[in-house]
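Next come the chains, spelled out residue by residue.
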Amino acid sequence: MGEQESAESTEVAKPHKSVKGSKGARPESRLALVRRARRINRELAEVYPYAHPELDFENSFQLLVATVLSAQTTDLRVNQTTPALFAAYPTPEDMAAADPEVLEQLIRPTGFFRAKAKSLLGLSAALRDRFGGEVPGRLEDLVTLPGVGRKTANVVLGNAFGVPGLTVDTHFGRLVRRWKWTTQEDPEKVEAEIAALFPKSEWTMLSHRIIFHGRRVCHARKPACGACPIAPLCPAYGEGETDPDKAKKLLKYEMGGQPGQRLRPPSDYPGRPAAPLGAAE
């Protein structure tokens, strides 16, 4: 059964009172929260067995650069931009020696290109000068690079080095607050509280599943509650469209029968690859 079909065939029910709560209901215990959070993770694993980083990359340097470029833009736009960028600058040494104006023009489609170019030049020079031209595999080293914070470092560690980490982007933070896993707004505090709910071995894939769900179903402004496979577990059920037919129209990417964000998706991705920059759909 395909993922879209699975989502559509899941019976949507209002959350149990112990989750959503009602006036006078006892607050959810810590044990109940952990159990509910882990059950949601298991359900998401069934819906998105193909969850993956949605940036195209072939090595740790490419992933680092792509993640820096992904700030305040879509992964799709980054993926459409990086082929020419990596053809021109395949190594940190090459990128560190780039003409800033040429680099800016190459990454212009991702937005904020002057600030991003400055970060790319700085981190490439740091990799060349301090790390022998190699991306370091430790968080404490990665966060010393220009333009690299904990979120970017965890993306690189989890997907290039196999070191578990939580990627607290806007989708992740929004969903874990909707699900009442945390009330924190600060990304580092969110990371700490969510990390405490799950075994470390789950952190990287948990991030992918949550981000996938946020992009495809649980949108910021109008979540597709009526097509959501974890609706019975969600304390925010009803904030979005609950009619199944109307909710189905809100689904995005492969869940909505549309191309994904990667030009070169993994072999098990059930959707269509995205089109290159400037290509007609």
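Residues numbered from 1 in each chain as written. Predicted model: local features only at pLDDT ≥ 70, side-chain atom pairs only at ≥ 80, totals over all residues. Heavy atoms only, no water.

## Comments concerning empty space enclosed by the protein
For step 1, the next point in the chain: Per the counting criterion, the structure on display carries one cavity of 30 Å³ or more.
For step 2, the next point in the chain: Lining the largest cavity, in full, are Arg-178, Val-217, Cys-218, Pro-223, Ala-224, Cys-225, Cys-228, Ala-231, Cys-234, Ala-236, Tyr-237 and Glu-239.
For step 3, the next point in the chain: Split into classes, the residues belonging to the lining of the largest cavity amount to ten nonpolar, no polar and two charged. (1 Å grid on protein atoms, 1.4 Å probe; cavity = no way out; pocket = protein on both sides within 12 Å on 5 of 7 lines; lining within 4 Å. Points joined across faces, edges and corners; volume = space filled by probe spheres on them. Nonpolar A, V, L, I, M, F, W, Y, C, P; charged D, E, K, R; others polar.)

## Concerning the environment of Ala-71
For step 1, the next point in the chain: Within the secondary structure layout, Ala-71 lies in the loop between α4 (60–69) and α5 (75–88).
For step 2, the next point in the chain: Once the C-alpha coordinates of Ala-71 and Asp-169 are considered, the two residues, 98 residues apart in sequence, prove to be 9.6 Å apart. (Helix = DSSP H or I, 4+ residues; strand = E, 2+ residues; numbered from the N terminus.)

## Thoughts on the packing of aromatic side chains
For step 1, the next point in the chain: With the rule as written, the count across this model stands at six aromatic pairs.
For step 2, the next point in the chain: Seen from their ring centres, Tyr-50 and Phe-212 are 5.8 Å apart, and the 65 degrees between their planes marks the pair as edge-to-face. On the criterion of sequence distance, the pair formed by Tyr-50 in the loop between α3 (30–47) and α4 and Phe-212 in helix α13 (residues 203–216) is long-range, its members being 162 residues apart.
For step 3, the next point in the chain: Note on Trp-181 and Phe-198: the rings are 5.4 Å apart at their centroids and 55 degrees apart in plane angle, and the pair reads as tilted. Of this pair, Trp-181 sits in the loop between α11 (170–178) and α12 (187–195) while Phe-198 is found in the loop between α12 and α13, placing the two residues 17 residues apart along the sequence. The two residues Trp-181 and Phe-198 agree in class, both being buried.
For step 4, the next point in the chain: Connected via pairs of aromatic rings, a cluster forms that spans Tyr-48, Tyr-50, Phe-212 and Tyr-269.
For step 5, the next point in the chain: The ring centre of Phe-212 lies 3.7 Å from the NZ or CZ of Arg-216, which sits over that ring. (Phe/Tyr/Trp six-rings, centres within 6.5 Å; stacked < 30°, edge-to-face > 60°. Buried < 20%, exposed > 50% of the residue type's maximum accessible area, 1.4 Å probe, protein only. Lys NZ or Arg CZ within 6 Å of the ring centre and 35° of its normal.)

## Some points on the layout of surface pockets
For step 1, the next point in the chain: As a volume, the largest pocket reaches approximately 870 Å³.
For step 2, the next point in the chain: Put simply, the parts of the chain that give the lining of the largest pocket at least two residues each are α5, α10 (150–160), α11 and α13.
For step 3, the next point in the chain: No other element matches the six residues that α13 contributes to the lining of the largest pocket.
For step 4, the next point in the chain: In terms of residue class, the lining of the largest pocket is built from twelve nonpolar, 17 polar and nine charged.

## Structural notes on the nonpolar core
For step 1, the next point in the chain: Counting 42 residues, the largest nonpolar core has Tyr-48, Trp-179, Trp-181, Ile-194 and Ile-210 as the members making the most contacts within it.
For step 2, the next point in the chain: Elements represented by at least two residues in this core include exactly α3, α11, α12 and α13.
For step 3, the next point in the chain: Considering each element in turn, this core owes the most residues, six residues, to α3.
For step 4, the next point in the chain: Residues Leu-64, Leu-127, Val-135 and Ala-153 belong to the second largest nonpolar core, which totals 33 residues. (Core = buried A, V, L, I, M, F, W, Y, C linked by side-chain atoms within 4.5 Å.)

## Thoughts on the packing of α4 against helix α8 (residues 113–130)
For step 1, the next point in the chain: At their nearest, the axes of α4 and α8 sit 10 Å apart, and the two run at 155 degrees to each other. By the angle class used here, α4 and α8 are roughly antiparallel. Regarding α4 and α8, the two cross each other, and that crossing is right-handed. Every residue of α8 that contacts α4 at Phe-61, Leu-64, Val-65, Val-68 and Leu-69 is listed here: Lys-116, Ser-119, Leu-120, Leu-123, Ser-124 and Leu-127.
For step 2, the next point in the chain: Taken together, the residues of the contact of α4 with α8 break down into eight nonpolar, two polar and one charged. (Axes fitted to C-alpha atoms, helices over the stretch in contact; angles between N-to-C directions. Parallel < 35°, antiparallel > 145°, perpendicular 65-115°, else oblique. Left-handed = near helix turned anticlockwise from the far one by under 90°. Contact = heavy atoms within 4.5 Å.)

## Structural notes on the pattern of salt bridges
For step 1, the next point in the chain: Inspection of the entire model under this criterion finds 14 salt bridges.
For step 2, the next point in the chain: Glu-140 is paired through a salt bridge with Arg-138; the nearest N and O atoms lie 3.2 Å apart.
For step 3, the next point in the chain: Looking at Glu-140, the relative accessible area reads 45%, which means it is partly exposed.
For step 4, the next point in the chain: What makes Arg-138 partly exposed here is its relative accessible area of 45%. (Salt bridge = Lys/Arg side-chain N within 4 Å of Asp/Glu carboxyl O.)

Spatial relationships are all this shows, so hold off on functional conclusions.
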